[in-house]
Amino acid sequence: MRKADEPEGKTFTYQARVPVDAGAAAALDAYAELFGRVERTLFAQSTAQGVKPEKLKNEYLKRFGITGRQFNAIRVSLDGKTDSVKERRTGLIDEAKTRLKKAQATLKKLGTAPKSETPEARVKRLGKLHQKTRSAITMAARLESMQADHKAGRVRIAFGSRRLFRAQFDLSANGFADHAAWRDAWYRARSEQFSVLGSKDETGGCQGCVATLADDGTVSLRLRVPDSLVKASKYVELHGIRFAYGMDQIRAALECGRVVERVSATGKPTKTRHGKALTYRFVRDGKGWRVFVSVSVDPVPTISTAQAGAVGADFNADHLAVAETDRHGNLIAHQRIDLDPRGMNSDQRRAAMGDAVKQVVERARASSKPIVIERLDFREKKARLEGADPWRARMLSALAYRDFDSMLRAAAFRAGINVIAVNPAYTSVIGAVNHAARLGISVHAAAAFAIARRGLGLKERPFAAYRSTAPDCQHGIVAVPARNGGHVTFALPARNRAKHVWTQWAAVRSSQSAAHAGHFRSGAAKAAPAPLSQAIQAVSATRKTKVRSLGANRQQHCSAGVPVFDDVPF
């Protein structure tokens, strides 16, 4: 099934650096300290006493000297954190169960001594068994704790982060000279941000932080400080704020406000303001203060249509594969966009991902086609990495698919492009079996092609590369590319037409995994690829494509008697 997201109004957040002097910085620091203290107190009291935060409002207004809107901002911030913990905990429990099950299977395998085991191999195996046993015990304890909290509806929040809290137990390794230095960092981390809640019926979209536009294109903010922090003035003036992105949206939100005059039921004239709400969040980092402005943006007219085709995107560990189709599902073009995260920090990865998203959206905008992506959840994939190759585990942990999804949807929204999320089942297998060799493209580009076709509502059945007279291959032979530039073959499993075609695809995936495993264990995966047989050449794109395999079909690698084609482009 496919899921099309029709364009609706979305909330975008834009950030900018806030130029502050010593007085303004001190006021912002005091605001953040009070905000964090009230939030922690509210969380502790509502959790311990079981009282809803809304019922503590009047008490907190007098106790901490804050306004009603400031209390609402603190309550909304706390609600967001608690809801996030509850929502994420369900996924963590499922992930922990899968990881524990995988770890137990690994323990069972390590507990069995293979035949003719050498003493060195035995010591290594027992060492892995010991460490894996400790890891499994820790997993089981964490799972039990999360299940107990979930059953009781209990929420645990470490204000300041758990990582920093645990740093006090190893000060030198975490860069702290003594416990006092850690304590200063701990207090600072617990009071490094605050938010100001906006409303569409308030001046400037937020009475607690009113924005005005300057003639030089910058923004000025007038921040209302809590009553308990008022000294000479109850406002802090912040000038010269320049937004690199989103300035048009912020200006439109500030200028769309209008005042509507009405007469109430009692005959009294009233004035009501209608506009857009702007919510502000101030965050302190190593360079000073930043402000984040969240504003609702109206949708733009949709220009994409599936009648023109689709653009499929397959997100991988180190690159983004893109494939474009026509309205009949035929391949028009494909592209590889490198996204190797090794050696990059988080900001560099996000910047590279943003550039890749821009290319995908530009391709879709130029062709007026929707973008099709997989509806993925990497929790299960991460859980199955228990005991897997460390490099692959690191690469998958670096996958920011959620960032990619949010960036792509935001960019597509601004360009008027629909984004279709499809079921990811067997797309990689379909691409490798049906499209890679036939079209002369990589398995990842073939997967993107399969995703695009699924977004168009097209169905796929396994394609046999060629027929065979062997009794166990009566349904045909499947040829899929291998990593060394060669290929592996296996018999196409029979289809039970009483069941869904995905049942056959599941059998194909099992056969493909077995074929690749045998190819690797035989050592052929590290050797030069064998030349393609004439049967496979007849159905592949080796005579037409410009794709270069790793040495396949080159004259110096061909056996005697095997024909060599002069018109092969490599």
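Because the structure is a prediction, the values reported are computed rather than measured. Residues take numbers from 1 onward in each chain, read along the sequence in its written order. A pLDDT threshold of at least 70 governs which residues receive local features in this predicted model, and a stricter bar of 80 or more applies before side-chain atom pairs are shown or counted, although totals over entire chains, interfaces and linings include all residues. The basis for every side-chain value is the complete set of non-hydrogen atoms in the structure, without hydrogens or water.

Overview of the confidence of the model for the chain
Then comes step 1: Within the chain, residue pLDDT values average 84, and 85% of them lie at 70 or more.
Then comes step 2: What pLDDT reports is the predictor's confidence in each residue, on a scale of 0 through 100. Here a strand is any run of E in DSSP of at least two residues, a helix any run of H or I of at least four, and the numbering for each starts at the N terminus. Within the chain, no element has a lower average pLDDT than strand β1 (residues 2-4), which sits at 45, and none a higher one than strand β3 (residues 193-196), at 95.
Then comes step 3: A low-confidence stretch, residues 1-7 stays under pLDDT 50, and its non-local contacts, those more than four residues away or across chains, total 23 contacts.
Then comes step 4: Across residues 542-570 the pLDDT falls below 50, and counting only partners more than four positions away or on other chains, this stretch makes 39 contacts in the model. Residues are treated as being in contact if the distance between any of their heavy atoms lies within 4.5 Å.

Digging into the packing of aromatic side chains
Then comes step 1: Think of it this way: a Phe, Tyr or Trp ring, Trp meaning its six-membered ring, pairs with another when their centres are within 6.5 Å, and the plane angle makes it stacked under 30 degrees, edge-to-face over 60, tilted otherwise. For the coordinates displayed, the defined rule picks out 13 aromatic pairs.
Then comes step 2: Here the aromatic rings of F12 and Y14 are separated by 6.4 Å at their centres, their planes lie at 15 degrees, and the arrangement is stacked.
Then comes step 3: Partly exposed residues are those whose accessible area sits between 20% and 50% of the maximum for their type, while under 20% is buried and over 50% is exposed, using a 1.4 Å probe and protein chains only. F12 gets classed as buried once you look at its relative accessible area, which sits at 9%.
Then comes step 4: Taking the relative accessible area as the measure of exposure, Y14 reaches 10% and is therefore buried.
Then comes step 5: Residues W182 and W186 carry aromatic rings whose centres are separated by 5.7 Å and whose planes lie at 10 degrees to one another, so their mutual orientation is stacked. In this pair, W182 and W186 both sit in helix α6 (residues 179-189), four residues apart, roughly one turn of the helix.
Then comes step 6: These aromatic residues form a ring-pair network of at least three members: Y31, F194, F282 and W289.

Quick word on the pairing of strand β5 (residues 219-224)
Then comes step 1: Summarising burial for β5: five of the six residues are buried, a large majority.
Then comes step 2: Note on pairing: two strands pair once DSSP finds at least 2 bridges between them. Pairing analysis gives five bridges linking strand β4 (residues 209-213) to β5, with the strands arranged antiparallel. In the sheet register, C209 faces β5, and the bridge partner there is L223.
Then comes step 3: Remark: five residues form the turn of the hairpin made by β4 and β5, two consecutive strands paired antiparallel; G217 in that turn has positive phi of roughly 90 degrees.

What about the pattern of salt bridges?
Then comes step 1: Salt bridge, as applied in this entry: a Lys or Arg side-chain nitrogen positioned within 4 Å of an Asp or Glu carboxyl oxygen. Tallied over the full model, the rule gives 24 salt bridges.
Then comes step 2: Between R17 and D285 there is a salt bridge, with its nearest N and O atoms 2.9 Å apart. Linking R17 in strand β2 (residues 10-18) with D285 in strand β9 (residues 278-285), this pair joins segments that are 268 residues apart in sequence.
Then comes step 3: By relative accessible area, R17 is classed as partly exposed at 33%.
Then comes step 4: D285 sits in the partly exposed class, given a relative accessible area of 25%.
Then comes step 5: One continuous salt-bridge network, built from bridges that share partners, spans R17, D285 and R290.

What about the packing of helix α3 (residues 68-110) against helix α4 (residues 119-152)?
Then comes step 1: The geometry of α3 relative to α4 is characterised by a closest axis approach of 9 Å and an angle of 155 degrees between their N-to-C directions. Relative to α4, the element α3 lies roughly antiparallel. Crossing handedness for the pair α3 and α4: left-handed.
Then comes step 2: Note on residue classes: Ala, Val, Leu, Ile, Met, Phe, Trp, Tyr, Cys and Pro are nonpolar, Asp, Glu, Lys and Arg are charged, and everything else, Gly too, is polar. Classifying every residue of the contact of α3 with α4 gives 13 nonpolar, five polar and seven charged. Axis lines are fitted to C-alpha atoms, over the contacting stretch for helices. Their N-to-C directions set the angle, which ranges from 0 to 180 degrees. Any angle that falls under 35 degrees is termed roughly parallel, while one over 145 is termed roughly antiparallel, one within 65 to 115 roughly perpendicular, and all others oblique. Crossing handedness follows the turn of the near helix against the far one: under a right angle anticlockwise gives a left-handed crossing, and clockwise gives a right-handed one.

What about the layout of surface pockets?
Then comes step 1: Space inside the second largest pocket adds up to approximately 1600 Å³.
Then comes step 2: Only protein atoms enter the 1 Å grid used here. Points where a 1.4 Å probe fits but cannot escape make up a cavity, open sets with protein on both sides within 12 Å along at least five of seven lines make up a pocket, and a residue lines them when an atom lies within 4 Å of a point. Lining the second largest pocket are 32 residues, with T13, Y245, R350, M407 and R414 positioned closest to its centre.
Then comes step 3: Of all the elements in the fold, those that place two or more residues in the lining of the second largest pocket are β2, α7 (247-255), β10 (288-297), α8 (346-367) and α11 (401-415).
Then comes step 4: Per-element accounting of the lining of the second largest pocket gives the leading share, 10 residues, to α8.
Then comes step 5: Here the residues of the lining of the second largest pocket are counted per class, giving 13 nonpolar, seven polar and 12 charged. Grid points are joined across faces, edges and corners, and a volume is the space filled by probe spheres set on the points.

So, α4
Then comes step 1: To estimate the expected span of a helix, subtract one from its residue number and multiply by 1.5 Å. Between its first and last C-alpha, α4 extends 50 Å over 34 residues, near the 50 Å set by a 1.5 Å rise per residue.
Then comes step 2: For α4, the full list of buried residues reads R125, K132, A136, M139, L143, M146 and D149.

What to know about the side chain of E39
Then comes step 1: With respect to the element layout, E39 can be found in helix α1 (residues 22-49).
Then comes step 2: For E39, a relative accessible area of 4% translates into the label buried.
Then comes step 3: Here a polar contact is taken to be a pair of N or O atoms separated by no more than 3.5 Å, where protein atoms must pair a possible hydrogen donor with a possible acceptor and residues adjacent in sequence count only if both atoms sit in side chains. Within the structure, E39 has its side chain in polar contact with the side chain of S77 (distance 3.1 Å).
Then comes step 4: Sequence-distant contacts of E39, defined by excluding residues within four places in its chain, comprise I74, S77, L78, K81 and F159.

Section: the sheet that holds β3
Then comes step 1: Reading across from one edge, β2-β10-β9-β3 is the order of the four strands in this open sheet, with antiparallel pairing throughout. Edge strands, defined here as strands with exactly one partner in the open sheet, are β2 and β3. Going from strand to strand, the sheet's axes swing by 20 degrees on average, the running direction of each strand aside.

What about the nonpolar core?
Generally speaking, nonpolar side chains in soluble globular proteins are found buried as a group.
Then comes step 1: Nonpolar core, defined: a set of buried Ala, Val, Leu, Ile, Met, Phe, Trp, Tyr and Cys residues in which side-chain atoms within 4.5 Å join the residues together. Ranked by size, the top nonpolar core spans 50 residues in total, and within it F194, L221, F243, Y280 and F282 carry the most contacts.
Then comes step 2: It is α1 that contributes the most residues to this core, nine residues altogether.
Then comes step 3: Those residues in contact with F243, other than ones at most four positions away along the chain, are Y14, Q15, A16, V219, I250, V291 and V293.
Then comes step 4: Ranked by size, the runner-up nonpolar core spans 24 residues in total, among them V360, V361, I373 and F404.

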